[in-house]
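# Working through the structure, step by step
If you want the building blocks of each chain, they are given just below.
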Amino acid sequence: MLHVLAVDDERPALEELSYLLRQDPRIGQVTGAGDASSALRDLSRMLVEGERLDAVFLDIRMPGLDGLDFTRLLTGFADPPRVVFVTAHDDCAVTAYELGALDYLLKPVRPERLAESVRRVAEAVHRSDPPAADGPALDDELIPVELGGRTRLVSRRTVTHVEAQGDYVRLHTADGGYLVRMPLSALTKRWEAAGFIRIHRSTLVACAHITEVRFDGGRAAVRIGDELLQVSRRHTREVRDRLVRRFHQLDGDEAQETRDGR
């Protein structure tokens, strides 16, 4: 069963599109969003929580971030959903297909035409390789954050560490901190394969950004930039073992490069 996201800034249009999508037996779940920025946040939440999103059915002309810009931003995701445009404007079709859209529907939407789009989505999903059980080890991932009414995409590669703050997490980068509404536990599971490790119940760090490790009387701390972050007793052994494995792996890689260079 497909999971799709419907996006339209006009509530009646969004409700009608969502209703028509739910009538298709191939679709198991329909999530609605009133604008593209909200859709980006929903997509980010689904990713960190390990949910699958198969397709986005969205309008083009929306205030703020429009449908075309939203689709351009999707290229930053490792496994972006398929895109189907549902719009009253016929002058953006060429651009839409150049951006990789799977289909382009004109309003008012005819049920039989929408069913054809769903068929295309289902076939595309069937052709794609299924994800690994524990999720893919992605090279990078983009997290949308809200800044004064604007949406900014923060690269996971730039995140040095993450702190839990109630129902939110703060992503720390060299450029500053960004508050995002998501659970730290879900982010820990999602980013573990990318080299992030839990050092405290409220702190997640990127191993690649650790420049120093201190052990003193059974306690540990790691340095990231100018900050010295304490490791809880519960996580000390895991942190030590993980960093030792990483050191040996890097040492082995350097030795292999030296042999290859001879």
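Residues numbered from 1 in each chain as written. Predicted model: local features only at pLDDT ≥ 70, side-chain atom pairs only at ≥ 80, totals over all residues. Heavy atoms only, no water.

Aromatic ring pairs are described here by two measures, namely the spacing of the ring centres and the angle between the planes. By the definition in use, this model includes three aromatic pairs. Ring geometry for Trp191 versus Phe196: centroids 4.8 Å apart, planes at 50°, classification tilted. Using a relative accessible area of 0% as the deciding quantity, one classes Trp191 as buried. Aromatic ring contacts, followed pair by pair, group Phe85, Tyr97 and Tyr104 into a single cluster. (Phe/Tyr/Trp six-rings, centres within 6.5 Å; stacked < 30°, edge-to-face > 60°. Buried < 20%, exposed > 50% of the residue type's maximum accessible area, 1.4 Å probe, protein only.)

This next bit is on the sheet that holds strand S8 (residues 159-165). Spatially, five strands are ordered S10-S9-S8-S12-S11 in an open sheet, and the strand pairing comes out antiparallel. The strands lining the two open edges of the sheet, one partner per strand, are strand S10 (176-180) and strand S11 (196-200). Averaged over all adjacent pairs, the angle separating strand axes in this sheet is 25°, with direction ignored. Relative to strand S9 (residues 168-173), S8 runs antiparallel, the two being bridged by six bridges. In the sheet register, Val162 faces S9, and the bridge partner there is Leu171. (Pairing = 2+ DSSP bridges. Helix = DSSP H or I, 4+ residues; strand = E, 2+ residues; numbered from the N terminus. Axes fitted to C-alpha atoms, helices over the stretch in contact; angles between N-to-C directions.)

Right, let's talk about the side chain of His3 for a bit. Take His3: it is sitting in strand S1 (residues 2-7). His3 sits in the buried class, given a relative accessible area of 6%. A distance of 3.0 Å separates the side chain of His3 from the side chain of Thr31, its partner in a polar contact. Within the structure, the side chain of His3 is placed 2.9 Å from the backbone oxygen of Arg52, a separation counted as a polar contact. His3 has contacts with Gln29, Thr31, Met46, Glu51, Arg52, Leu53, Asp54 and Ala55, leaving out every residue within four places of it along the chain. (Polar contact = N/O pair within 3.5 Å; in protein donor to acceptor, adjacent residues only side chain to side chain. Contact = heavy atoms within 4.5 Å.)

Next up on the list: the nonpolar core. If you look at the biggest cluster of nonpolar residues, it comprises 26 residues, and the most contacted ones within it are Leu5, Val7, Val56, Leu58, Phe70, Phe85 and Tyr104. Contributing elements (two or more residues each) for this core: S1, helix H2 (36-48), strand S3 (55-58), helix H3 (67-74), strand S4 (82-87) and helix H4 (93-98). Top contributing element to this core by residue count: H2, with six residues. Leave out the neighbours within four places in its chain, and Phe85 touches Leu58, Asp59, Ile60, Gly67, Leu68, Thr71, Ala96, Ala101, Asp103, Tyr104 and Leu105. Counting residues in each nonpolar core, the second largest holds 18 residues, with Ala6, Val30, Leu105 and Leu114 among its members. (Core = buried A, V, L, I, M, F, W, Y, C linked by side-chain atoms within 4.5 Å.)

Turning next to the confidence of the model for the protein chain. In the predicted model, the protein chain carries a mean pLDDT of 84, and the fraction of residues at 70 or more is 87%. Across residues 130-138, where pLDDT falls below 50, the model places five contacts with residues more than four positions away in sequence or in other chains. (pLDDT = per-residue confidence, 0-100.)

A pair of packed helices is captured by two measures, namely the crossing angle of their axes and the spacing between those axes. Contact pair helix H1 (residues 11-22) / helix H5 (residues 111-127): the axes reach a minimum separation of 10 Å and the direction vectors enclose 65°. Accordingly, the angle class assigned to the pair H1 and H5 is roughly perpendicular. In this structure, H1 meets H5 at a crossing whose hand is right-handed. Counted together, Leu17, Leu20 and Leu21 of H1 and Pro111, Leu114 and Val118 of H5 form the full contact between these two elements. Looking at side-chain class alone, the contact of H1 with H5 contains six nonpolar, no polar and no charged residues. (Parallel < 35°, antiparallel > 145°, perpendicular 65-115°, else oblique. Left-handed = near helix turned anticlockwise from the far one by under 90°. Nonpolar A, V, L, I, M, F, W, Y, C, P; charged D, E, K, R; others polar.)

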